[in-house]
Amino acid sequence: MTLATPVLHTARLRLRPFAHADAASLFALHSSAYVMRYWDSAPWTEPARAERFITICRKLADEGTGARVAVDRASDGAFVGWCGLTGWNPEYRSASLGYVLDEAMWGQGYATEAAHAVLQWAFDTLDLNRVQAETDTRNVASARVLEKIGFVREGTLREDCVVNGEVSDTWVFGLLRREWQPTTEAIPGSG
């Protein structure tokens, strides 16, 4: 079953399917050691990784297991980052949320706004009952984003990841349909 990657609009953002033209911006984002310091894999060192990521995004949609969207600022088209759902299971009505934003875009509420838009689409389109998200316990800003959009911290996976020899713990968050708070306006706040 194919899952069409959505085009979504918020007050300040445009979320859309990835294009090959996004490869350079995507590589710049994922090759930043600072941006990726809490991610569960090392920063990219080869530009070809961006093309593979875009191919994987298309494969997710083709297989019907998720949707990742590029996030652009509506005012000038600047690449903000990406947001998406993976692991969609229609039987369990569940999926996992993920996002990465360019460091220059942090603290402006873009992560909150983009994640909320993706969740609104997902709850409306995919009939989800549960969405899960995970973040490194040191990534307090990401945890705040998740809590702002209604996620509840459910537990800690101790020493869950080892990236570049560094062991880290992971917080697991969950958002249930009955807790979801849809809105037609952007959610203010940092993110």
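All values reported here derive from a predicted model rather than from experimental measurement.

Let us look at the pattern of salt bridges. Counted by the stated rule, this structure contains eleven salt bridges. The partner of Asp136 in a salt bridge is Arg138, with the nearest N and O atoms 2.7 Å apart. Taking the relative accessible area as the measure of exposure, Asp136 reaches 6% and is therefore buried. Of the charged contacts, one joins Arg138 and Glu166 as a salt bridge, the two residues approaching to 2.4 Å between their closest N and O atoms.

Along the chain, the position of Asp22 falls in the loop between strand S2 (13-16) and helix H1 (23-30). Here the side chain of Asp22 touches Ala19 through a polar contact of 2.8 Å, landing on its backbone nitrogen. Sequence-distant contacts of Asp22, defined by excluding residues within four places in its chain, comprise Arg16, Pro17, Ile54 and Ala70.

Glancing now at helix H4 (residues 140-148). Considered for burial, the residues of H4 that qualify are Ser142, Ala143, Val145 and Leu146. Buried residues of H4 fall within an arc of 155 degrees about the axis and therefore sit on the same side. Backbone geometry just after H4 places Gly150 at a positive phi near 110 degrees.

Right, let's talk about H1 for a bit. For H1, every residue scored as buried is listed here: Ala23, Leu26, Leu29 and His30. The buried residues of H1 all sit within an arc of 125 degrees when viewed along its axis, so they share a single face. Elements that come into contact with the buried residues of H1 comprise helix H2 (48-63), strand S4 (79-89) and strand S5 (94-101).

With that settled, consider the sheet that holds strand S7 (residues 152-163). Within the open sheet, the eight strands sit side by side as S1-S2-S3-S4-S5-S6-S8-S7. Their pairing is mixed. Each of the sheet's edge strands pairs with one partner strand only, and the pair in question is strand S1 (8-9) and S7. Relative to S5, S4 is paired through seven bridges, and the arrangement is antiparallel. Considered in S5, the bridge of Gly81 is made with Leu101. Together, S4 and S5 form the strand contacts of H1, whose direction differs from that of S4 by roughly 85 degrees.

Analysis parameters
- Residues numbered from 1 in each chain as written.
- Predicted model: local features only at pLDDT ≥ 70, side-chain atom pairs only at ≥ 80, totals over all residues.
- Heavy atoms only, no water.
- Salt bridge = Lys/Arg side-chain N within 4 Å of Asp/Glu carboxyl O.
- Buried < 20%, exposed > 50% of the residue type's maximum accessible area, 1.4 Å probe, protein only.
- Helix = DSSP H or I, 4+ residues; strand = E, 2+ residues; numbered from the N terminus.
- Polar contact = N/O pair within 3.5 Å; in protein donor to acceptor, adjacent residues only side chain to side chain.
- Contact = heavy atoms within 4.5 Å.
- Arc of directions from axis to C-beta.
- Pairing = 2+ DSSP bridges.
- Axes fitted to C-alpha atoms, helices over the stretch in contact; angles between N-to-C directions.

Interpretation note: all reported values are geometric properties and have no functional meaning in isolation.
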